[in-house]
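Chain by chain, the residues:
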Amino acid sequence: MNDSTWQNDLRQSITDTAELCRLLDIPERIVQTDYPLLVPRPFADLMEHGNPDDPLLLQVLPCSDENQAVPGFSRDPLGEIANAKNSALSKYAGRTLLLASQACGIHCRFCFRRHHPNKKSPDVETLLAPIRQNTSTEEVILSGGDPLMLDDETLDELLQSILRIKHIRRLRIHTRLPVVLPSRLTPYLAEILTLPIPLYLVLHINHPHELSDAFLKRRELLTKPIVLAQSVLLRRVNDDAETLNRLFCRLIDARILPYYLHQLDRVAGSAHFEVAAQKGVQLLAELRNQLPGYGLPTYVREVAGNTCKEIIGHQPGG
């Protein structure tokens, strides 16, 4: 099956800061950082022209704050670079996370893997070797980068190879690509994601404006996977109850269950996005009075070396 439509769209992505500023009619910004700009045009089209504080723009536009050294922020806040073996991470009991692709379809400035070495992903057999050997693994989590950056044939080969491992009972794919590049969702991809074991597709969505009409229409192709969403709490992007309420309402209306609200991982270059955890707890307490329990995510943070996420504040209620 030909992937050319989404791949051609991806090749048209904006990689020049001056071009993005001109496109949005905002003052040009010249900032040199160690993390290049990459923005798909469909995502840029959702931004408000003339607004340098647009919440989608703030997630992708380089700024001088990224070059500030801030105590407590490091290049590898979760200790993953040193611990990854053949692009496999065994952080959680019964689950193995695979860095299935080193590439992303968008460069979010707060990405906790922004400093990971950009190396070629191993072949399927090398990638799956740790899972074949560890029979306690019941769930495989595909992450990256973004696993949906793999072309359809490679993705299908990977999924079918995982299915042949008898001790695997479920699969999970974490991705941002369908949201920022809706053309990635095709009937053929939906067919590939129709599996005989449970498949959880976890979409990274931070703001209600990211839920474009194009994405919502193509989301209807995904009839078999269980679709969840995770968000990162970000200063000036979604750190108010009204924005989070609209986000979670739009998600559940689209049959996408809010799964996790993440406290920012303290990666170097992202300190200006951090929201105090106490404020996050207060926001969820306010939302608990406005939304059904299934519309509230669990507020969590990752702690290096921990075998599970740390839950912040109270659990969602009824």
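You'll find the structure just up there.
Counting restarts for each chain, with residues numbered from 1 along the sequence as it is written. Where local features are concerned, this predicted model is filtered to residues with pLDDT of at least 70; where side-chain atom pairs are given and counted, the filter is 80 or more; whole-chain, interface and lining totals use all residues. Side-chain metrics in this entry use all non-hydrogen atoms of the structure; hydrogen atoms and water are not considered.

Draft legend 1. Region of interest: the sheet that holds strand S1 (residues 88–92). Read from one edge to the other, the open sheet built from nine strands follows the order S1-S2-S3-S4-S5-S6-S7-S8-S9, with strand pairing classed as mixed. Bordering the open sheet on either side are S1 and strand S9 (310–311), each of which pairs with just one other strand. Sheet topology places strand S8 (residues 298–301) next to S9; two bridges connect them, and they run antiparallel. The partner of Arg 301 across the bridge, within S9, is Glu 310. In this analysis, two residues are considered to be in contact whenever any of their non-hydrogen atoms come within 4.5 Å of each other. Fitted lines through C-alpha atoms give the axes, limited to the stretch in contact for helices. The angle between two N-to-C directions lies from 0 to 180 degrees. Here a helix means four or more residues in a row that DSSP labels H or I, a strand means two or more in a row labelled E, and each is numbered from the N terminus. Docked against the sheet, helix H6 (residues 124–133) engages S1, strand S2 (95–101) and strand S3 (139–144), running at close to 180° with respect to S2. Strand pairing follows a simple DSSP-based rule, namely that at least 2 bridges must link the two strands.

Draft legend 2. Fine view of the pairing of strand S7 (residues 257–262). In this structure, strand S6 (residues 226–232) lies alongside S7, joined through five bridges in parallel fashion. Opposite Leu 228, over in S7, you have Leu 257 as the bridge partner. Chirality of the crossover, the property in question, places the unit of S6, helix H11 (residues 241–253) and S7 among those that are right-handed. The pairing of S7 with S8 spans three bridges and is classified as parallel. The residue of S8 that forms the bridge with Leu 261 is Tyr 299. Classification remark: right-handed applies to a crossover when, strands pointing away from the viewer, the course from the first strand over the helix to the second runs clockwise. Once the chain exits S7 it traverses helix H12 (residues 277–288) before rejoining the sheet at S8, and the crossover so formed is right-handed.

Draft legend 3. Seen up close, empty space enclosed by the protein. A pocket here means an open set of points on a 1 Å grid, computed over the protein atoms alone, that has protein on both sides within 12 Å along at least five of seven lines. A cavity is instead a set of points where a 1.4 Å probe fits but cannot get out; residues with an atom within 4 Å of a point line either one. Grid points are joined across faces, edges and corners, and a volume is the space filled by probe spheres set on the points. Under the counting rule described, the total for this entry stands at two cavities of 30 Å³ or more. Counted as a void, the largest cavity has a volume near 630 Å³. Those elements that provide at least two residues to the lining of the largest cavity are S1, S3, strand S4 (170–175) and S6. The residue inventory of the lining of the largest cavity, partitioned by class, reads 13 nonpolar, ten polar and nine charged. For this classification, the nonpolar set comprises Ala, Val, Leu, Ile, Met, Phe, Trp, Tyr, Cys and Pro, the charged set comprises Asp, Glu, Lys and Arg, and every other residue, Gly included, is treated as polar.

Draft legend 4. Seen up close, H6. Exposure is judged per residue with a 1.4 Å probe applied to protein chains only, and the accessible area is read against the type maximum: over 50% gives exposed, under 20% gives buried, and values in between give partly exposed. Considered for burial, the residues of H6 that qualify are Val 124, Leu 127, Leu 128 and Ile 131. End-on, the buried residues of H6 take up no more than an arc of 80°, which puts them together on one face. Summarising the contacts, the buried residues of H6 are in contact with S2, S3 and helix H7 (152–163). Taken from the helix axis, the directions to the C-beta atoms give the arc we talk about.

Draft legend 5. Expanded view of H7. Expected span of a helix, by definition, is 1.5 Å for each gap between consecutive residues, and there is one gap fewer than residues. Along its twelve residues, H7 runs 16 Å from first to last C-alpha, staying within 8% of the 16 Å computed at 1.5 Å per residue. All buried positions along H7 are accounted for by Asp 152, Leu 155, Leu 158, Leu 159, Ser 161 and Ile 162. Summarising the contacts, the buried residues of H7 are in contact with S2, H6, S3, S4 and helix H9 (187–192). A distance of 3.1 Å separates the backbone nitrogen of Glu 153 from a side-chain oxygen at the start of H7, and that oxygen is part of Asp 151. Polar contact criterion, stated in full: a pair of N or O atoms within 3.5 Å, where within protein one must be able to donate a hydrogen and the other to accept it, and residues adjacent in sequence count only if both atoms are side-chain atoms.

Draft legend 6. Molecular detail of the packing of aromatic side chains. The pairing test for Phe, Tyr and Trp rings, Trp by its six-membered ring, is centres within 6.5 Å, and the orientation test on the planes gives stacked under 30 degrees, edge-to-face over 60, and tilted for anything in between. Evaluation of the coordinates by the stated rule reveals two aromatic pairs. Seen from their ring centres, Tyr 259 and Tyr 260 are 4.1 Å apart, and the 25° between their planes marks the pair as stacked. The exposure class assigned to Tyr 259 is partly exposed, which follows from its relative accessible area of 22%. Judged by its relative accessible area of 17%, Tyr 260 falls in the buried class.

Draft legend 7. Structural context of the nonpolar core. We call a set of buried Ala, Val, Leu, Ile, Met, Phe, Trp, Tyr and Cys residues a nonpolar core when their side-chain atoms join them within 4.5 Å. In this structure, Leu 20, Val 39, Leu 142 and Leu 158 are the most contacted members of the largest nonpolar core, which totals 84 residues. Sorting elements by how many residues they give to this core places H11 first, with five residues. Once you skip the residues sitting within four places of it in the chain, Leu 142 turns out to touch Leu 98, Ala 100, Pro 147, Leu 158, Leu 159, Ile 162, Arg 172, Ile 173 and His 174.

Draft legend 8. Highlighting the packing of H6 against H7. Running from N to C, H6 and H7 cross one another at 25°; their axes reach a closest spacing of 11 Å. If you check the angle between H6 and H7, you find them roughly parallel. Relative to H7, the crossing made by H6 is right-handed. On H7, the residues that touch Val 124, Leu 127, Leu 128 and Arg 132 of H6 are Glu 157, Leu 158, Ser 161 and Ile 162. Classifying every residue of the contact of H6 with H7 by side-chain character gives five nonpolar, one polar and two charged. Oblique is the label for any angle not under 35 degrees, not over 145, and not in the 65 to 115 range, which are roughly parallel, roughly antiparallel and roughly perpendicular in turn. Handedness of a helix crossing follows the sense of rotation of the near helix relative to the far helix, less than a right angle counterclockwise being left-handed and clockwise being right-handed.

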